[in-house]
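Fold and geometry: a report
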Amino acid sequence: MARRAEANNRLDDAARAGWLYYVAGRTQDEIATVMGISRQSAQRLVSLAMAERLIKVRLDHPIAACLEAAERLRERYDLRHVDVVPSDPGSSSTTVGIAEAGAAEIERWLKLPEPQVLAIGTGRTLKAAIDQLPAMECPQHRIVSLTGNIGLDGSAAYYNVIFSMADAVKARHFPMPLPVLASSAEERAVLHSQSLVQVALKLGAQANVAFVGVGELGPDAPLCQDGFLSQDEMGQLTKSGAAGEICGWMFDQDGALMAGSFNDRVASVPLPSRDNASVIGLAKGRRKYEALRAALKGRIINGIITDEATAAYLLNA
């Protein structure tokens, strides 16, 4: 208990130092004087505030090259929303940059005074975006999960973000109380007939906007890493022409949903109509190239948040 209190006190100090540095514009020498500590301690506290993500930085100045790439993507793929962020060639992160941009766009929707239905997918990038959201009071909105939030062992799925979002955003949240995959098409039909599930299905169809991750396929794909698919099953899917997945829904290189037993077992809410809703995919990096290109080609998504390098690939594919 004493160690926990000590850790909390240190985070309090880091938050104070971070606020003084990034918001109040104080120098590290000034922070040291204000807090009664050494300059080295002030420097460490500011670094801790960044490392613990107590400070969230957003760039307000539009970068011309990113804006140009976004406009070309919008024209080529007839998109409703495009956001291209700078690439960091030295970083291996698949979320930095687009998570912050995704959080800004989600926040923009949440600030609308008119009631909205926001549909939320799953995945590491979306979770990183939700973690960037400030606390908000949005009683006029409804937020629905597009994917099941139960893992194979019956526990809450780690990368299902509806519960993380509920902690930050005070709005009505509607989880999908199902596993990601049913054992058969017949089981899915039974599950979808339940009244609680029907609520989520109807809300998903009414969504004004959906935010989704775009999953690549292969032995290191999230569906394999998280235990939802075996390597053999993944191999069969790729051999049959699958190029990517969104909320579990498999699609081919032309962006057409694949017919067959796998998609018949997906318990996710169908993606809302792209004619009526913005369906925004968050993804970047070489591993996502093929899946993103296919999703855009088939208009599975009509919006994208990505980085410069990925945008360049999509414009030249």
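Heads up: these notes are all about the structure in this document. Since this is a predicted model, take the numbers as computed values, not measurements.

What counts and what doesn't
- One numbering rule holds for all chains: residues counted from 1, following each sequence as written.
- The predicted nature of this model means local features are confined to residues of pLDDT at least 70 and side-chain atom pairs, given and counted, to a pLDDT of 80 or more, with totals for whole chains, interfaces and linings taken over all residues.
- Computation of side-chain values: all heavy atoms of the structure, hydrogens and water removed.
- Aromatic rings from Phe, Tyr and Trp, with only the six-membered ring used for Trp, were paired whenever their centres fell within 6.5 Å, and each pair was classed as stacked if the ring planes differed by under 30 degrees, edge-to-face if by over 60, and tilted otherwise.
- Burial classes: relative accessible area under 20% of the type maximum marks a residue as buried, over 50% as exposed, and values in between as partly exposed (1.4 Å probe, protein chains only).
- Labels follow the DSSP assignment, with helices taken as runs of H or I lasting at least four residues and strands as runs of E lasting at least two, numbered in each case from the N terminus.
- Only buried Ala, Val, Leu, Ile, Met, Phe, Trp, Tyr and Cys residues count toward a nonpolar core, and they belong to the same one when joined by side-chain atoms within 4.5 Å.
- Residue contacts are defined here by distance: any two heavy atoms, one from each residue, within 4.5 Å place the two residues in contact.
- By the convention used here, strands pair only if DSSP detects at least 2 bridges between them.
- A fitted line through C-alpha atoms serves as each axis, taken over the contacting stretch for helices, and the angle formed by two N-to-C directions is quoted from 0 to 180°.
- These descriptions rest on fixed angle ranges, namely under 35 degrees for roughly parallel, over 145 for roughly antiparallel, 65 to 115 for roughly perpendicular, and the rest for oblique.
- Classes in brief: Ala, Val, Leu, Ile, Met, Phe, Trp, Tyr, Cys and Pro nonpolar; Asp, Glu, Lys and Arg charged; the others, Gly included, polar.
- Crossings are classed by handedness, with left-handed meaning an anticlockwise turn of the near helix from the far one by less than a right angle and right-handed meaning a clockwise turn.

Attention now goes to the packing of aromatic side chains. Per the counting criterion, the structure on display carries two aromatic pairs. With 4.9 Å between their ring centres and 80° between their planes, Tyr21 and Tyr22 make a pair best called edge-to-face. Of the residues examined, Tyr21 reaches a relative accessible area of 33% and is grouped as partly exposed. Here Tyr22 falls in the partly exposed class, since its relative accessible area comes to 38%. Consider the rings of Tyr289 and Tyr313, whose centres lie 4.3 Å apart with planes at 10°: the pair is stacked. Of this pair, Tyr289 sits in helix α13 (residues 289-297) while Tyr313 sits in helix α14 (residues 308-316), and the two are 24 residues apart along the sequence. On the accessibility criterion, Tyr289 (12% relative accessible area) is buried.

Moving on: the nonpolar core. Grouped together as the largest cluster of nonpolar side chains are 58 residues, with contacts concentrated most on Leu73, Leu229, Ile246 and Met250. In this structure, Leu229 is in contact with Leu181, Leu223, Cys224, Met234, Leu237, Met250 and Phe262, ignoring residues within four places of it in sequence. With 29 residues, the next largest nonpolar core counts Leu118, Ala129, Val169 and Ile305 among its residues.

To continue, consider the pairing of strand β1 (residues 81-85). Across the five residues that make up β1, a large majority, four, are buried. Sheet analysis places β1 next to strand β9 (residues 303-307), joined by five bridges and oriented parallel. Residue pairing in the sheet places Val82 in a bridge with Ile304 of β9.

Close contact between helix α2 (residues 28-35) and helix α3 (residues 39-51) brings their axes to 8 Å; oriented N to C, the two are set at 105°. It follows that α2 is roughly perpendicular to α3 by the angle criterion. Contacts between α2 and α3 pair Gln28, Asp29, Ile31, Ala32 and Met35 from the former with Arg39, Ala42, Gln43, Leu45 and Val46 from the latter. Partitioned by chemical class, the residues of the contact of α2 with α3 number six nonpolar, two polar and two charged.

So, about the packing of α13 against α14. Remark: α13 packs on α14, axes separated minimally by 10 Å, with the N-to-C direction vectors making an angle of 55°. Regarding the angle of α13 to α14, the classification is oblique. α14 is crossed by α13, and the crossing has right-handed handedness. Where α13 approaches α14, its residues Tyr289, Leu292, Arg293 and Leu296 are matched on the opposing element by Ala309, Thr310, Tyr313 and Leu314. The residue inventory of the contact of α13 with α14, partitioned by class, reads six nonpolar, one polar and one charged.

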